[in-house]
Amino acid sequence: AWVLHMLREKIGTENFIKGIRTYYDRYKFSNALTADLQAVIEEVSGQDLSSFFEQWLFRAGQPQLQVTSEPGYLVINQVQKEAFDATLEVLITDAQDIEHLIAIPLAGKTTRHKLSGISAIKSLTLDPGTKLLFEEIKE
């Protein structure tokens, strides 16, 4: 179920619904493989989703994220064996109680994200909209 949720987030609700309907109509009286679902979703969305399907369906595990802050930066380390390509949303409340929702693309084992316009972090919430399957690793 999580993979479908993340797929909908990646391609948008309209493309997701159209893709699922197309997939159902095309394969409702036959057997289908995961590759068939991928082909239909790629056709409908116009996106190459090979890396998405590879990492979320065929790779074991999930991202294990350790998030720390340095002056002016958030540092996100993926501590699992292989890095996932994903986007992590972070909600930061600064020292003036202003909320900043930031989408941080993760690529590689370590991501350093510059915090523009944020003076100091009062609180930090990872994935407030529950869009990503991951495990937070505390220091």
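Look up a bit, the structure's there.
Residues numbered from 1 in each chain as written. Predicted model: local features only at pLDDT ≥ 70, side-chain atom pairs only at ≥ 80, totals over all residues. Heavy atoms only, no water.

The next thing to look at is helix 1 (residues 2–11). Within helix 1, burial applies to V3, M6, L7 and I11. The arc that holds the buried residues of helix 1, viewed along the axis, is 120°, so those residues lie on one side. At its buried positions, helix 1 is contacted by helix 2 (13–27), helix 3 (34–45) and helix 4 (50–58). With its phi angle positive at about 95°, G12 sits one or two positions after the end of helix 1. (Buried < 20%, exposed > 50% of the residue type's maximum accessible area, 1.4 Å probe, protein only. Helix = DSSP H or I, 4+ residues; strand = E, 2+ residues; numbered from the N terminus. Arc of directions from axis to C-beta. Contact = heavy atoms within 4.5 Å.)

On to the packing of helix 2 against helix 3, then. Direction vectors running N to C along helix 2 and helix 3 enclose 130°, while the axes themselves pass 9 Å from each other. With respect to each other, helix 2 and helix 3 are oriented oblique. Pair helix 2 / helix 3 crosses with right-handed handedness. Within the contact between the two elements, helix 2 uses N15, K18, G19, I20, T22, Y23, R26 and Y27 and helix 3 uses D36, L37, V40, I41, E43, V44 and S45. A per-class count over the contact of helix 2 with helix 3 returns 7 nonpolar, 4 polar and 4 charged. (Axes fitted to C-alpha atoms, helices over the stretch in contact; angles between N-to-C directions. Parallel < 35°, antiparallel > 145°, perpendicular 65-115°, else oblique. Left-handed = near helix turned anticlockwise from the far one by under 90°. Nonpolar A, V, L, I, M, F, W, Y, C, P; charged D, E, K, R; others polar.)

All right, on to the packing of aromatic side chains then. By the definition in use, this model includes 3 aromatic pairs. Seen in terms of ring centroids, Y23 and Y27 are 5.4 Å apart; in terms of plane orientation they differ by 45°. Their pairing is tilted. Of this pair, Y23 and Y27 both sit in helix 2, 4 residues apart, roughly one helical turn. With relative accessibility at 23%, the residue Y23 sits in the partly exposed group. Here W56 and F84 contribute two aromatic rings whose centre-to-centre distance is 4.9 Å and whose plane-to-plane angle is 40°, an arrangement assigned as tilted. (Phe/Tyr/Trp six-rings, centres within 6.5 Å; stacked < 30°, edge-to-face > 60°.)

Once that is clear, we can look at the nonpolar core. Of all hydrophobic cores here, the largest spans 28 residues; its most connected members are L7, F52, W56 and L88. Secondary-structure elements contributing two or more residues to this core are helix 1, helix 3, helix 4, strand 1 (64–70), strand 2 (73–78), strand 3 (86–94) and strand 4 (99–106). In contact with L88, not counting residues within four places along its chain, are L65, I76, I102, A103, I104, L106, L126, D127, L132 and F134. (Core = buried A, V, L, I, M, F, W, Y, C linked by side-chain atoms within 4.5 Å.)

Across the sheet, 3 strands lie side by side as 4-3-6; this open sheet has antiparallel pairing. Each edge of the open sheet is held by one strand with a lone partner, namely strand 4 and strand 6 (121–126). Across the sheet, the mean angle separating the axes of adjacent strands is 25° when strand polarity is ignored. Strand direction decides the pairing type here: strand 3 and strand 6, joined by 5 bridges, are antiparallel. Across the sheet, V90 pairs through a bridge with L126, a residue of strand 6. (Pairing = 2+ DSSP bridges.)

Turning our eyes to something else, we now look at the environment of E82. Mapping E82 onto the fold places it in the loop between strand 2 and strand 3. As for E82 and A60, which are separated by 22 residues in sequence, their C-alpha atoms are 9.6 Å apart. Discounting chain neighbours no more than four positions away, the residues touching E82 are R59 and K109.

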